[in-house]
Amino acid sequence: MSKQINSPSGRPRSIYADQAILQATLDLLAEVGYESMSIEAIASRAGVGKTTIYRRYTSKEELVADAIESLRDDLAIPDTGSFWGDMDILINNAAKKIDSPLGRQTLALIISTASSNPQFAEVYWIKYTKLRREAFSKILERAKSRGEIHKDADVDLIIDLVSGSLYYALIFKPTTEPVEAYMRRTMNLLLKGIGTSTTRRKSKVKSQKSKVL
């Protein structure tokens, strides 16, 4: 007998059916793409009925979002008492999970699917992206309250810039530089505009003065 869990409505749900549906969705997404896949095809691949899927998901967009997200782990937001203490932990954890063949593939799936389907993009934003941004913003807001970055710093824009540069580096930019180093360079550059003198890290790079004759 398969293991079962209770759904919010009290209906028994099979863990194995849940896993089969998500895996079938991922397989078809890779094979035929978002637009060509259907609930019928997913149900057939998973070995379940369509009603089994519709009891769990209200739309294909929601199902695909959950399937993709099943490949990703939530990033814990640290609270060390300092901006760079928080960022170091966040960067290290993110690099371990994102900078891998599976992590890059997952990110590529999210971007390609969202760019071709506005409905999926909206669902993924509401269920996952928005929540992660709100968690990351807590680090920046705490840094504001400690005076580590300017109080008028645009938190949303900072997150956009950090996320955009990271996605670009992971998917498009061929480089041997570790992701951790790239993310720290990005944050250091941003801090030149948003940070106070107490948050700017001391650079070990020696500058040479040239003489003008």
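Since the structure is predicted, the reported quantities are computational estimates derived from the model, not experimental observations.

Conventions adopted
For every chain, the first residue of its written sequence is number 1, and the numbers climb from 1 along that sequence. Totals for whole chains, interfaces and linings use all residues, but because this is a predicted model, local features are given only for residues with pLDDT of at least 70 and pairs of side-chain atoms are given and counted only at 80 or more. By convention in this description, side-chain values take in all heavy atoms of the structure and omit both hydrogens and water. Axis definition: a line fitted to C-alpha atoms, over the contacting stretch in the case of helices. Angles run 0 to 180 degrees between N-to-C directions. In this description a helix means any DSSP run of H or I spanning at least four residues, a strand means any run of E spanning at least two, and both kinds are numbered starting from the N terminus. Should an angle lie under 35 degrees it is considered roughly parallel, over 145 roughly antiparallel, and from 65 to 115 roughly perpendicular; all remaining angles are considered oblique. Should the near helix be turned anticlockwise from the far one by less than a right angle, the crossing is termed left-handed; should it be turned clockwise, right-handed. We call two residues in contact when some of their heavy atoms are within 4.5 Å. By the convention adopted, Pro, Cys, Tyr, Trp, Phe, Met, Ile, Leu, Val and Ala count as nonpolar, Lys, Arg, Asp and Glu as charged, and the other residues, Gly among them, as polar. Take the residue count of a helix, subtract one, and multiply by 1.5 Å to get its expected span. Here the term buried applies to any residue with accessible area under 20% of the maximum for its type, exposed to any over 50%, and partly exposed to those in between, with areas from a 1.4 Å probe on protein chains only. Side-chain atoms alone can form a polar contact between residues adjacent in sequence; in general such a contact is a pair of N or O atoms within 3.5 Å, and within protein one must be able to donate a hydrogen while the other accepts it. Any carboxyl oxygen of Asp or Glu within 4 Å of a side-chain nitrogen of Lys or Arg constitutes a salt bridge here.

> Explain the packing of helix α1 (residues 15-32) against helix α2 (residues 39-46) here, please?
Between two packed helices, both the angle of their axes relative to each other and the distance between the axes serve to describe the pair. For the pair α1 and α2, interaxial distance at closest approach is 8 Å and the crossing angle is 120°. As judged from the angle between their axes, α1 and α2 are oblique. For α1 against α2, the interelement crossing comes out right-handed. Side by side, α1 and α2 meet where A20, I21, A24, T25, D27, L28 and E31 of the first sit next to A41, I42, R45 and A46 of the second. Among the residues making up the contact of α1 with α2, the classes are represented as seven nonpolar, one polar and three charged.

> Quick question: what am I supposed to make of helix α5 (residues 83-98) here?
Since the α-helix packs 3.6 residues into each turn, any two residues three or four apart lie on the same face. Its 16 residues place the ends of α5 22 Å apart at the C-alpha level, agreeing with the 22 Å of an ideal helix rising 1.5 Å per residue. Here α5 has its buried residues at F83, W84, G85, D86, M87, L90, I91, A94, A95 and I98. For α5, the side-chain oxygen to backbone nitrogen distance between the N-cap and G85 is 3.0 Å, and the N-cap itself is S82.

> Could you clarify how one ought to interpret the pattern of salt bridges in this entry?
Once their charged atoms are close, side chains differing in charge can pair, the charge on each being opposite to the other. This structure, assessed with the given rule, holds 13 salt bridges. When the shortest N-O distance is used, the salt bridge between R142 and D86 registers 3.2 Å. Taken as a pair, R142 in helix α7 (residues 118-145) and D86 in helix α5 lie far apart in primary sequence, 56 residues in all. Note on D86: relative accessible area 0%, which makes it buried. Put simply, E148 and R146 hold a salt bridge, and the shortest N to O gap is 2.7 Å. For E148, a relative accessible area of 13% translates into the label buried. When salt bridges that share partners are traced, they join E62, D66 and K127 into one network.

> Quick question: what am I supposed to make of α1 here?
Taking 1.5 Å per residue, 18 residues should reach 26 Å; α1 reaches 26 Å between its end C-alpha atoms and fits that length. Within α1, the full set of buried residues consists of A17, D18, I21, L22, A24, T25, L26, L28 and L29.

> How should I be thinking about the environment of D79 in this particular structure?
Examined against the element boundaries, D79 turns out to sit in the loop between α4 (60-69) and α5. For D79, a relative accessible area of 52% corresponds to the exposed category. As a C-alpha pair, D79 and R142 span 63 residues in sequence and 8.9 Å in three-dimensional space. Contact partners of D79, with chain neighbours within four places excluded, come to D86, R142 and R146.

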